[in-house]
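Working through the structure, step by step
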Amino acid sequence: MTTCLNRYGWLFPGVMILLGVLMPGSALAATVEVQPLGNFLYMAGTDSASPQINIDPLQGKSAGTNGMGEILSLSEVLRYALERNRNIEIAAYQPLQAEQDLRRYRSVYDPVAFAAGSTSQVDRPVQSQLDTGSILDDALTEDRWLVRAGVKSLVPSGATVSLYQEIDYLDSSSSLIFPNPQGTSRVTAQLNQPLLKGIGDWENRTAIKVARLNVNISNEDFRQTVMDVVANAALTYWQLAQDQQVIDIARRYLDKTKDIYQREHYRLGRGLAKELDVARIAANLDSRLSELILLQKQAKTTEKRLQLLINAPGLFVVPRQLKVDMRKEAILNGVNLDHAMAESEALQYRPELERVRRELQVAELNKGLAKLDRLPTLDFQASYSKNALDDEVRDVGGDAYESDKDSWTLGLNFEIPLGNRAANSQYRRTEFDYRRKLAEYEQVKETIIFEVNQALTDLELAQAEVEAAERARETALKVVEGENALFELARADTSDLLQAQNQLDLAERKLTQGLVAFSRARIVLNRAKGTLLNEFGVQLQ
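Computed from a prediction, not measured in an experiment: that's the story for all the values here.

On to the overall build of the protein, then. Helices and strands together make up the secondary structure of the protein, namely 15 helices and 11 strands. In the protein, once contacts between residues fewer than 6 apart in sequence are set aside, the share between residues at least 24 apart is 79%. When the accessible surface of the protein is summed, it comes to about 29200 Å², and 54% of that surface belongs to carbon and sulfur atoms.

A complete count under the given rule lists two aromatic pairs for this structure. Ring centres of Phe114 and Tyr164 lie 6.2 Å apart, and the angle between their planes is 55°; on these two criteria the pair is classed as tilted. Of this pair, Phe114 sits in strand β4 (residues 112-125) while Tyr164 sits in strand β6 (residues 160-172), and the two are 50 residues apart along the sequence. Judged by relative accessible area, Phe114 falls into the partly exposed class, the value being 24%. Taken together, a centroid distance of 5.6 Å and an interplanar angle of 20° make the contact between Trp145 and Tyr169 stacked. Here Trp145 is found in strand β5 (residues 139-154), whereas its partner Tyr169 is found in strand β6, with 24 residues between them in sequence. In this structure, Arg79 is placed above the aromatic ring of Tyr80, and the distance from its NZ or CZ to the ring centre is 5.3 Å.

On to a nonpolar patch on the surface. Residues Leu195, Leu196, Trp202, Leu372, Leu375, Leu412, Phe414 and Ile416 make up a contiguous nonpolar surface patch of about 710 Å² in total accessible area. The residue Phe414 is located in strand β10 (residues 405-415) in this model.

All told, the structure shown has 29 salt bridges when counted by the stated rule. Put simply, Glu99 and Arg103 hold a salt bridge, and the shortest N to O gap is 3.4 Å. With Glu99 and Arg103 both in helix α5 (residues 93-106) and four residues apart, this pair spans about one turn of that helix. When its relative accessible area of 14% is taken as the criterion, Glu99 is described as buried. Between Glu166 and Arg148 there is a salt bridge; the shortest N-O distance is 2.4 Å. Here Arg148 lies in strand β5 and Glu166 lies in strand β6, a separation of 18 residues in the sequence. Given a relative accessible area of 34%, Arg148 falls into the partly exposed group. Bridged by salt links that share partners, the residues Asp221, Arg355, Glu359, Asp433, Arg436, Lys437 and Glu440 form one connected network.

This brings us to the sheet that holds β5. Pairing is antiparallel in the open sheet, where six strands are placed in the order β4-β5-β6-β7-β9-β10. Every interior strand has two partners, whereas the edge strands, β4 and β10, have only one. Sheet twist, expressed as the mean angle between neighbouring strand axes with direction ignored, is 15°. By the bridge criterion, 13 bridges tie β5 to β6 in an arrangement that is antiparallel.

Here we take up the packing of helix α8 (residues 275-310) against helix α14 (residues 494-529). Look at α8 against α14: their axes get within 10 Å of each other, and the N-to-C directions meet at 20°. Considered as vectors, α8 and α14 are oriented roughly parallel to each other. For the crossing formed where α8 meets α14, the hand is right-handed. Residue-level contacts link Asp277, Arg280, Ile281, Asn284, Arg288, Glu291 and Leu295 of α8 to Thr494, Ser495, Leu498, Gln501, Asn502, Asp505 and Arg509 of α14.

A rise of 1.5 Å per residue sets the reference length of α14, with its 36 residues, at 52 Å; its end C-alpha atoms lie 52 Å apart and thus fit the reference within 8%. Among the residues trailing α14, Gly530 stands out with phi positive, at a value near 80°.

Right, let's talk about unusual backbone geometry for a bit. Omega for the bond connecting Phe178 with Pro179 falls within 30 degrees of zero, at -10°, which places this linkage in the cis form. Its place among the elements puts Pro179 in the loop between β6 and β7 (182-194). A cis amide bond, omega 0°, links Asn180 with the succeeding residue Pro181. In this structure, Pro181 sits in the loop between β6 and β7.

This brings us to the pairing of β7. For β6 and β7, the ladder comprises 11 bridges, and the chain directions are antiparallel. Among the inter-strand pairings, Glu166 is bridged to a residue of β7, identified as Arg186. Relative to strand β9 (residues 377-390), β7 runs antiparallel, the two being bridged by 12 bridges. In the sheet register, Thr188 faces β9, and the bridge partner there is Ser385.

Time to look at the pairing of β4. Among the 14 residues in β4, zero count as buried, and that is only a small part of the element. Pairing geometry for β4 and β5, over 14 bridges, is antiparallel. Looking at the pairing, Val122 lines up with Glu142 of β5.

Attention now goes to the environment of Asp379. The residue Asp379 is located in strand β9 in this model. C-alpha of Asp379 to C-alpha of Gln193: the two residues are 186 residues apart in sequence and 5.5 Å apart in space. Beyond its immediate sequence surroundings of up to four residues, Asp379 is in contact with Asn192, Gln193, Pro194, Leu195, Lys197, Gly411, Leu412 and Asn413.

What counts, and at which threshold
- Residues numbered from 1 in each chain as written.
- Predicted model: local features only at pLDDT ≥ 70, side-chain atom pairs only at ≥ 80, totals over all residues.
- Heavy atoms only, no water.
- Helix = DSSP H or I, 4+ residues; strand = E, 2+ residues; numbered from the N terminus.
- Contact = heavy atoms within 4.5 Å.
- Areas by Shrake-Rupley, 256 points an atom, 1.4 Å probe, with all protein chains shown as cover.
- Phe/Tyr/Trp six-rings, centres within 6.5 Å; stacked < 30°, edge-to-face > 60°.
- Buried < 20%, exposed > 50% of the residue type's maximum accessible area, 1.4 Å probe, protein only.
- Lys NZ or Arg CZ within 6 Å of the ring centre and 35° of its normal.
- Patch = residues over 30% accessible without salt bridge, like charges linked within 9 Å, V, L, I, M, F, W, Y side chains within 5 Å.
- Salt bridge = Lys/Arg side-chain N within 4 Å of Asp/Glu carboxyl O.
- Pairing = 2+ DSSP bridges.
- Axes fitted to C-alpha atoms, helices over the stretch in contact; angles between N-to-C directions.
- Parallel < 35°, antiparallel > 145°, perpendicular 65-115°, else oblique.
- Left-handed = near helix turned anticlockwise from the far one by under 90°.
- Expected span 1.5 Å × (residues − 1).

Without other data, these values stay purely geometric and don't point to any function.
Written as structure tokens, this is what we have:
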């Protein structure tokens, strides 16, 4: 008789064959890889000290802002927003969680090794001569232990396949047991294959497909969060730029009003000016000073809002100023107002629409699964065993592989719920959910097209506003020059000059507001088209 080790060597080829059958399930589940988004490649541009930056919002933040120069560019602001914004940091975990869900669903096809064991002892009165084989015995005693070990797995066909071995030891006081003690061994292969409901394992395969789509959905949610943060940071940056520009204009005309007041106050002391004119200038000066304070307060509020967006306290330490090119040519350059092209880009790139597309695919998958679940249960069951018996328990495990004693079973199991109301109700529910997603998809498309057209309209109006404000500033400048000339010749009083300066001040503010409104409308348009990240050189990886 061969040794136990040699006999057990027959087990390993069988296990390897079974694993070869099982592993395609894992391969099938991993045919299409979906990578979660989580970091950025930021092409910051020529106005940044670091034109290309790799950013991971889940890693440590940069040391701080003390090393930056006095000029704060939009690229630097966006860099800090991508790196430090809390909404981006929170959203970056969602694709990672979705990826783990996908791995968890794929693991359903992983082979499972199992083992179980039990031991028992019997000591009972003899109830029949058949218990021990002798009428002289008054008790039956038995010592028994059982060990089972093997491997099993679900395969893509929906079948459950298992291969295991059992070893049973028995030591009995019965003379009818031979040999005694004895060991029995069985090597069994089992198959349970659904033929109707459950065939093809559509439940788990659908769960894997849904999990893969959920990774895509979480990626789109992350993309949308990043886009919203970038848009808000850029819009707030331009709003702060406008506030600072308006403050500069207000200071400039405040200084001019001070010059007029000092000159007229000097002339009043010489009896060359009227006291009413000086009082009128003083009132105008106080009004401008009060307005400047309000403008500074508004700028400080905008500054704090931008700091909150980029999570970088101390970013606006004096004398740090924004870097903004307010020339009309720089701001209005490269404008495309093609409505059809803008709508086409939006329908291709908007993350909200892509998200609904994926959700629609999920609803379709769930509908198909619910339709299959209405089928009755019909399972094919088969098993095959090789059996061995030996008086040496250490050898009986290997004997089973050489034994010519085998057994097998074939069977069918059929079930159908009468009325099948639960499955039919679930199918109707998934049908309604699919229709709802279709309606939602159309609604999102219509909303996106509306937003694109509204953004284009706002951009056109902002461009017209800039043109009108520029003409108004040129006209107001001529009026101020004329009033200054008349004032020098003492042919105009201070009220006319102050009114002309107020008109020029207002015109310059309107021009600044128009240029900023155009820049902000451009950002809103790119956000509506879904191309904002590309416009700012942000690539999600």
